[in-house]
Amino acid sequence: MVTTGLRPRRSAVLRLLVVAVALAGALFGGLLGGAAPASAHAALTGSTPAEGSVVDQAPEQVALTFSEGVAMGDDSIRVLDPKGKRVDRGKLRNLCSAGTVKYGTGLPPGLGDGTYTVAWQAVSADSHPVSGAFTFSIGAPSKTTAPVAQQEAGGGLVGALYGIARALAYAGFVLLAGGAAFVVACRPAAARVRSVQRLVVQGWAVLTGTTVAMLLLRTPYTGSGDLSDVFDLGGLQQVLITKPGAALVSRLLLLAAAALFVAVLFGAYARAQEPREDGPEDPEGPDTAKDPAEEARRRKDLSFGLGIGGVIVATGLAATWAMAEHASTGLQPAIAMPVDVLHLLAVATWLGGLAALVVSLYWGPPVERTAVRRFSRIAFGSVLVLVATGLYQSWRQVGTWTALTGTTYGRLLLLKVGLVAVLVGIAWFSRRWTARLTEVRTPDAVDAAEEADPAEAADPAEAAVAARADEEADAPSEKAVTVPAAGPATEPPAVPTAEPATEPPAAPTPEADDPARAAQLARQQAALRTARSKRLRDADPERLGLRRSVLAEASVAVVLLVVTTVLTATEPARTEEAVKAVSGGQSATVNQPQVLTVPFDTGGPGGKGTARIDLDPGRSGNANELRLRISDPKGRAKDVPEVKIEFTLKAKKLGPLTVVPRHTGKGHWRASGVLLPVPGRWQLSLLVRTSDIDQVTEFRNVKIG
């Protein structure tokens, strides 16, 4: 089947539009996936001491528990005293056990009272950096805490650049693998089409460049966030021994093999697709003539070898993503990794082949109907593979129906499914256009039609080009004809008999003496052929409709690729739900120890002060521990004759539940086993009595998860 080309002005506008959409998509993906810190794929599910807690004595260590495997080093957990001095022992402790991911760092004895800050940073098993910070207090909270610089792992400029590189890496793989598959499996003649060659080679170049960039950015991306660290050779050595670093190096090695594949594809394979020209027998004899059967056998062998080699290289490249991202960790990794490889290959075959078809339709010679129909069948098979593998991946990463709408990952997944549905709908229209196609007329048929009906001639500009080309072609022949001097004027010149041995050499033409004139004539003839080809393509409404529908598919595919990139940088819904389950069914931010600061004034002498109440872990259905500290206006601990606390949940008519803490030291009270039966917004009432007649009751609301 042959499809149509565009007029020069429309073609230029279309090129700019496609480039703009691609750049906007890449930047959009980078901003969403990298401008902010990457969403945590390994989440902090607990710590000892707990966040915001107050302990009586200095703990022997600080321990952190995660939802899945992480990579940490000796500097991954830092403990800072109220003045900002690092006080941990600087040695990571591996506290992991069966089913529990737990790391810690030791603390020296004799730490003073005050608020301590724990800053941590890790790389999750799927290659994304995670970080955070929290505080706990020894004895009593201090007025000051250590300032902690905002964690930049996975964020800032480095995060944005890394996100853009990831998006472009996906795009490069799609163009490289899908474009090559289109040539080998759908349209071998496309190996000689310059626009398709550029597409595949640019895909290889983009994937190679972004892989090198990601390898250099890994150190600042997972560490300091300082762009200058891309030149840290020591950090690069550490990256190379990690799983993501090994995957990127493997990708570079496979890209070297892909370069050889591309060279053969557009070299020997393209030459094998050149049409055989029938002409006079070779004067040296039949032994030197090319055997058509031998040529067909050679083309078949090349196609088979390229097909096998291309599948191996493409599978290896897809595996470099599967071995370092979502599929490599979590539920059923042994099944998830091959499924992820199939998913990526199906995406590349569909979308990359679609890109190759677009450039063939708009910037290449006529495309055969059989090639479009062959791609249509392959694309349909790719969609079936995408549906099957996508269902498994969705179940694995989401887990429940509620997570589809209750988590960021689930909502992005719904958006991706919607885009795929739109893409399939447009593809259905493309298949309808394909079914209506007829074989294109050959140039000879076009010439015959124009001779029979001059009204179908080209537009004036194209006709002028043709006329100039015809005049230039006829002029030399007229100058080369000579009339014999002798003989009657009315007698036609005699036609000499063919005597190869005695025929005088042909007279030299002006073109042979003037290379510039010959080049000008060649350009005019090429313009004539181009004008004829455009007339042929612009006159076919079916092919015009196909070009537009395929371009629409490609535009939606760009947006789909951006959403997919953002999705791979988002915490899986199953992980988020698991964190909520550990936190009692609420978000991790809600189920933290509740800390209240309540100023009071009983009205009598020494009646002013501040009460600090800590409720740990601050969840319903658990035995909470309540700690109370009373201080005077100068912040010094002070005793009072009586304190009493009550909890009331008016919405469910529960309470008041009275808590009478026991006195444990000057200005300190404690109560254990405080049970709040249901979650909700409870009202806390604090009674403070400073003398026989001076007392006050203060009320505060506290949210219990």
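Residues numbered from 1 in each chain as written. Predicted model: local features only at pLDDT ≥ 70, side-chain atom pairs only at ≥ 80, totals over all residues. Heavy atoms only, no water.

Q: Explain the overall build of the protein chain to me, using residue names and the numbers behind them.
A: A count of helices and strands for the protein chain gives 17 helices and 18 strands. A burial count over the protein chain gives 45% of its 705 residues as buried. Put simply, 73% of the contacts in the protein chain that link residues at least 6 apart link residues at least 24 apart. Accessible area for the protein chain stands at about 35500 Å²; split by element, carbon and sulfur atoms hold 61% of it. (Helix = DSSP H or I, 4+ residues; strand = E, 2+ residues; numbered from the N terminus. Buried < 20%, exposed > 50% of the residue type's maximum accessible area, 1.4 Å probe, protein only. Contact = heavy atoms within 4.5 Å. Areas by Shrake-Rupley, 256 points an atom, 1.4 Å probe, with all protein chains shown as cover.)

Q: So what about the pattern of salt bridges? Which residues, and what values?
A: Think of it this way: side chains of opposite charge can pair up when their charged atoms draw near. Scanning the entire structure with this criterion turns up 14 salt bridges. Residue Asp-632 is joined to Arg-636 by a salt bridge in which the shortest nitrogen-to-oxygen separation is 3.2 Å. The network of salt bridges with shared partners includes Asp-56, Glu-625, Arg-627 and Arg-670. (Salt bridge = Lys/Arg side-chain N within 4 Å of Asp/Glu carboxyl O.)

Q: Could you give me a rundown of the environment of Cys-186, with the residues and numbers involved?
A: Relative to the elements of secondary structure, Cys-186 occurs in helix H2 (residues 156-186). For the pair Cys-186 and Thr-370, spaced 184 residues apart in the sequence, the C-alpha separation amounts to 8.2 Å. Those residues within four positions of Cys-186 in sequence are excluded, and the remaining contacts are Ala-181, Ala-371, Arg-374, Phe-375 and Ile-378.

Q: Can you explain the sheet that holds strand S1 (residues 44-48)? Please cite residues and give values.
A: Pairing in this open sheet of 4 strands is antiparallel, and the strands run S1-S3-S7-S6 from one edge to the other. At either end of the open sheet lies a strand with only one pairing partner, and these are S1 and strand S6 (92-94). For this sheet, the mean inter-axis angle between neighbouring strands, taken without regard to orientation, is 25°. Bridge analysis of strand S3 (residues 61-66) against strand S7 (residues 101-106) gives 6 bridges, and the strand direction is antiparallel. Within S7, the position partnered with Phe-66 by the bridge is Val-101. (Pairing = 2+ DSSP bridges. Axes fitted to C-alpha atoms, helices over the stretch in contact; angles between N-to-C directions.)

Q: Can you explain the packing of aromatic side chains? Please cite residues and give values.
A: Taken as a whole, this structure holds 7 aromatic pairs when the rule is applied. With centroids separated by 5.9 Å and ring planes inclined at 20°, the aromatic side chains of Tyr-116 and Phe-136 adopt a geometry described as stacked. Taken as a pair, Tyr-116 in strand S8 (residues 114-124) and Phe-136 in strand S9 (residues 129-138) lie far apart in primary sequence, 20 residues in all. Under the relative-accessibility criterion, Phe-136 is labelled buried at 1%. (Phe/Tyr/Trp six-rings, centres within 6.5 Å; stacked < 30°, edge-to-face > 60°.)

Q: Explain the environment of Asp-632 residue by residue, including any values.
A: Within the secondary structure, Asp-632 is located in the loop between strand S12 (623-631) and strand S13 (642-649). Sequence spacing of Asp-632 and Gly-667 is 35 residues, and the spatial spacing of their C-alpha atoms is 9.4 Å.

Q: Before we move on, can you summarise helix H5 (residues 243-265) with the specific residues and values?
A: The first and last C-alpha atoms of H5 sit 32 Å apart over 23 residues, in line with the 33 Å expected at 1.5 Å per residue. Among all positions of H5, only Pro-244, Gly-245, Ala-247, Leu-248, Arg-251, Leu-255, Ala-258, Phe-261, Val-262 and Leu-265 are buried. For H5, the secondary structure elements touched by its buried residues are H2, helix H3 (194-222), helix H4 (233-240), helix H6 (268-272) and helix H7 (292-322). Where H5 begins, the side chain of Thr-242 points an oxygen toward the backbone nitrogen of Gly-245, at a separation of 3.3 Å. (Expected span 1.5 Å × (residues − 1). Polar contact = N/O pair within 3.5 Å; in protein donor to acceptor, adjacent residues only side chain to side chain.)

Q: Quick one: what's the story with unusual backbone geometry, residue by residue and with numbers?
A: Looking along the chain, the bond that leaves Thr-48 and enters Pro-49 is cis, with omega of 0°. Inspection of the secondary structure puts Pro-49 in the loop between S1 and strand S2 (54-55). For the bond from Gly-655 to Pro-656, the omega torsion is 5°, close enough to zero to count as cis. Within the element layout of this structure, Pro-656 appears in strand S14 (residues 654-659). Phi is positive for Lys-653, which is not a glycine, with a value near 55°.

Q: So, the sheet that holds S14: which residues are in play, and what are the values?
A: Pairing is antiparallel across the open sheet formed by 4 strands, whose spatial order is S14-S13-S17-S18. Both edges of this open sheet fall to S14 and strand S18 (695-704), since each of them pairs with a single strand only. Put simply, the sheet's adjacent strands are angled 20° from each other on average, direction ignored.

Q: Could you give me a rundown of the side chain of Thr-105, with the residues and numbers involved?
A: Among the structural elements, Thr-105 can be located in strand S7. In this view, Thr-105 contacts Gln-61, Val-62, Ile-77, Val-79, Asp-88, Arg-89, Gly-90, Lys-91 and Arg-93; residues no more than four positions away in its chain are not counted.

Q: Can you explain the nonpolar core? Please cite residues and give values.
A: Formed by 81 residues in total, the largest nonpolar core has its most connected members in Phe-173, Leu-176, Leu-207, Leu-265, Leu-351 and Leu-357. Considering each element in turn, this core owes the most residues, 17 residues, to helix H8 (residues 333-363). When sequence neighbours within four positions are dropped, the list of residues in contact with Leu-265 reads Ala-180, Val-183, Val-184, Ala-191, Ala-270 and Leu-306. With 26 residues, the next largest nonpolar core counts Val-598, Phe-600, Trp-682 and Val-688 among its residues. (Core = buried A, V, L, I, M, F, W, Y, C linked by side-chain atoms within 4.5 Å.)

Q: How would you explain the side chain of Thr-208 if you had to name every residue and give the values?
A: By secondary structure assignment, the location of Thr-208 is in helix H3. Engagement of the side chain of Thr-208 in a polar contact is seen with the backbone oxygen of Trp-204, the distance being 2.8 Å.

Q: Explain the pairing of S8 to me, using residue names and the numbers behind them.
A: Among the 11 residues that make up S8, 11 are buried, leaving the element largely enclosed by the rest of the structure. Pairing geometry for strand S4 (residues 70-71) and S8, over 2 bridges, is antiparallel. Bridge pairing in S8 places Val-70 opposite Ser-124. Pairing between strand S5 (residues 77-80) and S8: 4 bridges, direction antiparallel. Along S8, the bridge assignment pairs Leu-80 with Thr-117. The pairing of S8 with S9 spans 10 bridges and is antiparallel. Note on S9: the bridge partner recorded for Val-123 is Pro-129.

Q: Any chance you could break down the packing of H8 against helix H9 (residues 369-397) for me, citing the residues and the numbers?
A: Across the interface, H8 lies against H9 with an axial gap of 8 Å and an inter-helix angle of 150°. Crossing geometry of H8 relative to H9 is assigned as left-handed. (Left-handed = near helix turned anticlockwise from the far one by under 90°.)

Q: Go over H2 with me, naming the residues and quoting the values.
A: Over its 31 residues, H2 runs 44 Å from end to end, which matches the ideal 45 Å to within 8%, given 1.5 Å per residue. Most of H2 is tucked away, with 23 of its 31 residues classed as buried.

Q: Could you give an account of the confidence of the model for the protein chain, with specific residues and numbers?
A: This prediction gives the protein chain a mean pLDDT of 76; 72% of its residues lie at or above 70. Of all secondary-structure elements in the protein chain, the lowest mean pLDDT belongs to helix H1 (residues 8-35), at 39, while H5 reaches the highest, 93. Confidence drops under pLDDT 50 across residues 279-288; counting only partners more than four residues distant or on other chains, this segment forms 1 contact. A low-confidence stretch, residues 440-503 (pLDDT under 50), is modelled with 37 contacts involving residues beyond four sequence positions or located in other chains. (pLDDT = per-residue confidence, 0-100.)

Q: How would you summarise the environment of Val-230 if you had to cite specific residues and measurements?
A: Inspection of the secondary structure puts Val-230 in the loop between H3 and H4. Taking the relative accessible area as the measure of exposure, Val-230 reaches 16% and is therefore buried. With residues up to four places along the chain from it excluded, the contact list for Val-230 reads Leu-216, Leu-217 and Pro-220.

Q: Provide a residue-level description of the packing of H7 against H8, including the pertinent values.
A: Two elements in contact, H7 and H8, have axes separated by 9 Å at closest approach and are oriented at 120°. As summarised for this structure, H7 and H8 are arranged oblique, according to the angle between their axes. In the packing of H7 onto H8, the handedness of the crossing is right-handed. Every residue of H8 that contacts H7 at Ala-314, Thr-315, Ala-318, Ala-319, Trp-321 and Ala-322 is listed here: Met-337, Asp-340, Val-341, Leu-344 and Leu-345. Here the contact of H7 with H8 is built from residues that sort into 9 nonpolar, 1 polar and 1 charged. (Parallel < 35°, antiparallel > 145°, perpendicular 65-115°, else oblique. Nonpolar A, V, L, I, M, F, W, Y, C, P; charged D, E, K, R; others polar.)

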